[in-house]
Amino acid sequence: MGYKETIYEGILKGDMRAVEDATKKGLEEGISAGELLNEAMIPAMAEVGRLFEANEYYVPEMLIAARAMKAGLAILRPELVASGVEPKGKVVLGTVKGDLHDIGKNLVGIMIEGAGFEIIDLGVDVSPEDFVKAVREHKADVVGLSALLTTTMPSMKSTIEALQEAGIRDQVKVIIGGAPVTQKYADEIGADGYGRDAAAAATLTKKLLGLS
Ligand code: B1M
């Protein structure tokens with residue numbers, strides 16, 4: 001079995017060690033970080049989601065798959081992030097209130113950091129008030145909101161409203177993303193942009209700040 005297949009199977013089985021090992025060896029053998037990510041890790045998580053929907057996987061299987069994916073991502077991180085460049089701006093990032101999914105958000109952080117920005121990662125289950133506080137405190141140029149559940153998407157709207165109420169909406173660009181999120185939803189709630197994936201989020205960040 002090749003390294004990509006081992007990573008794919010390792011995530012499905014939640015075998016963290018196998019994923020770590022194959023990711024390290026794959027990189028050593030010259031497979032790019034992007035290829036390992038896009039052709040093994042992301043498809044594996046999509047399959048985990050399909051198995052969950054089909055009632056073949058349950059929350060514990062999703063959890064160990066996520067842990068294995070995170071272990072692989074930690075190894076890819078230095079490859080995906082550029083080093084030694086002066087930050088072009090500050091981005092506050094978080095998964096919205098009520099939502100605990102952080103793999104996509106972490107990947108978005110890695111790609112935006114790789115594009116030369118400083119990331120202030122607030123983690124998961126972040127309330128609108130905490131986003132407002134962080135934007136103020138760090139004088140952020142952009143705030144990125146991630147949501148993976150249809151039930152937590154409304155918290156994106158609440159966060160934009162909280163920025164408006166705090167009088168700082170015009171000082172910060174708001175970008176949103178996550179599997180159930182669409183451009184239409186971004187337009188509806190008055191976000192400045194929608195990123196389909198982590199690479200798109202990085203491109204969007206540069207574009208919104210007039211850097212591309
Ligand atoms: Co959850 N879960 N989960 N889960 N989980 C989904 C999202 C689900 C689609 C599974 C399914 O039914 N097929 C479903 C949501 C249904 C819906 O609302 N439409 C679901 C559910 C129902 C749940 C629970 C309610 C299950 C339960 O308890 N009964 C529960 C909710 C907990 C909560 O949040 N309150 C739950 C829990 C969990 C775990 C904790 C077990 C685990 C998360 C672990 C973790 O993140 N640390 C988990 C997992 C792993 C998943 C799936 C299988 C994988 C998510 C993932 O990591 N994908 C997921 C199924 C799926 O997505 N196919 C599922 C890989 C990641 C790289 O992709 O996150 O989409 P993604 O991020 C992408 C883009 O979306 C985008 O870029 C990323 C990279 O390209 N993106 C942005 C993301 N954020 C962005 C922000 C941006 C721009 C782009 O700008 C700021």
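Note that the structure is a prediction, hence the values are computed from the model and not measured. (Residues numbered from 1 in each chain as written. Predicted model: local features only at pLDDT ≥ 70, side-chain atom pairs only at ≥ 80, totals over all residues. Heavy atoms only, no water.)

**Focus on the overall build of the protein chain**
Tallying secondary structure elements over the protein chain gives nine helices and five strands in all. Reading the secondary structure of the protein chain in the N-to-C direction produces α-α-α-α-β-α-β-α-β-α-β-α-β-α. Scaling as 2.2 N^0.38, a compact globule of 212 residues should have a C-alpha radius of gyration of about 17 Å, and the protein chain matches this with 17 Å. Residues classed as buried in the protein chain amount to 44% of the 212 residues present. On the protein chain, roughly 10700 Å² of surface is accessible, and the fraction owed to carbon and sulfur atoms is 52%. Considering the protein chain, the positive charge centre built from 23 side chains and the negative charge centre built from 32 side chains are found 3 Å apart. (Helix = DSSP H or I, 4+ residues; strand = E, 2+ residues; numbered from the N terminus. Rg over C-alpha atoms; globule rule 2.2 N^0.38 Å. Buried < 20%, exposed > 50% of the residue type's maximum accessible area, 1.4 Å probe, protein only. Areas by Shrake-Rupley, 256 points an atom, 1.4 Å probe, with all protein chains shown as cover. Lys, Arg positive; Asp, Glu negative; His and termini not counted. Charge placed at Lys NZ, Arg CZ, Asp CG, Glu CD.)

**Digging into the sheet that holds strand β5 (residues 193-194)**
Overall, parallel pairing links the five strands, which are arranged β2-β1-β3-β4-β5 in an open sheet. This sheet does not close on itself; its edge strands, each paired only once, are β2 (118-121) and β5. In the packing of helix α6 (residues 128-138) onto the sheet, the strands contacted are β1 (90-95), β2 and β3 (142-146), and the crossing angle to β1 comes to about 165°. Sheet strands in contact with helix α9 (residues 198-208) are β1, β3, β4 (173-177) and β5, and its direction is about 165° off that of β4. (Pairing = 2+ DSSP bridges. Contact = heavy atoms within 4.5 Å. Axes fitted to C-alpha atoms, helices over the stretch in contact; angles between N-to-C directions.)

**Section: the domain arrangement of the protein chain**
Under the domain assignment, the protein chain is made up of domain 1 (3-82) and domain 2 (90-208). Computed from C-alpha atoms alone, the centre-to-centre distance between domain 1 and domain 2 is 24 Å. Facing the 11 residues of domain 1 at the interface are seven residues of domain 2. Interface of domain 1 and domain 2: buried area, both sides summed, is about 850 Å²; carbon and sulfur atoms make up 75% of it. Where domain 1 packs against domain 2, one counts two salt bridges. For D102, the salt bridge identified is with K70, shortest N-O distance 3.0 Å. Where domain 1 packs against domain 2, one counts two residue pairs in polar contact (both at pLDDT 80 or more). Elements represented by at least two residues in the side of domain 1 that touches domain 2 include exactly α3 (33-53) and α4 (59-80). Take the side of domain 1 that touches domain 2: its biggest share by element is six residues, from α4. Taken together, the residues of the side of domain 1 that touches domain 2 sort by class into nine nonpolar, no polar and two charged. (Domains from an automatic or database assignment. Buried area = accessible area lost by both parts, 1.4 Å probe. Salt bridge = Lys/Arg side-chain N within 4 Å of Asp/Glu carboxyl O. Polar contact = N/O pair within 3.5 Å; in protein donor to acceptor, adjacent residues only side chain to side chain. Nonpolar A, V, L, I, M, F, W, Y, C, P; charged D, E, K, R; others polar.)

**Considerations on the site of the ligand**
Taken together, 35 residues sit near the ligand, with E53, L100, H101, D102 and S146 positioned nearest. One of the backbone N or O atoms of G98 is found 3.0 Å from a nitrogen atom in the ligand. A198 is positioned with one of its backbone polar atoms (N or O) 3.2 Å from an oxygen atom of the ligand. Residue assignment for the shell around the ligand shows that the elements contributing at least two residues are α3, α4, α5 (103-114), β3, β4 and α9. Counting contributing residues per domain, the shell around the ligand is built from domain 1 (3-82) and domain 2 (90-208), each supplying no fewer than three. (Near = heavy atom within 4 Å.)

**Here's the deal with the packing of helix α1 (residues 3-13) against α4**
The interhelical angle for the contact between α1 and α4, taken along N-to-C directions, is 140°, at an axis separation of 6 Å. Listed contacts from α4 to G10, I11 and K13 of α1 are I64, A65, A68 and M69. Class assignment for the residues of the contact of α1 with α4 results in five nonpolar, one polar and one charged.

**Considerations on unusual backbone geometry**
Its identity is not glycine, yet N55 carries a phi of approximately 60°, on the positive side. Counting through the fold element by element, N55 comes out in the loop between α3 and α4. Classification of N55 by relative accessible area gives exposed; the value is 53%. For D125, which is not glycine, the phi torsion reads 55° and is therefore positive. Along the chain, D125 turns up in the loop between β2 and α6.

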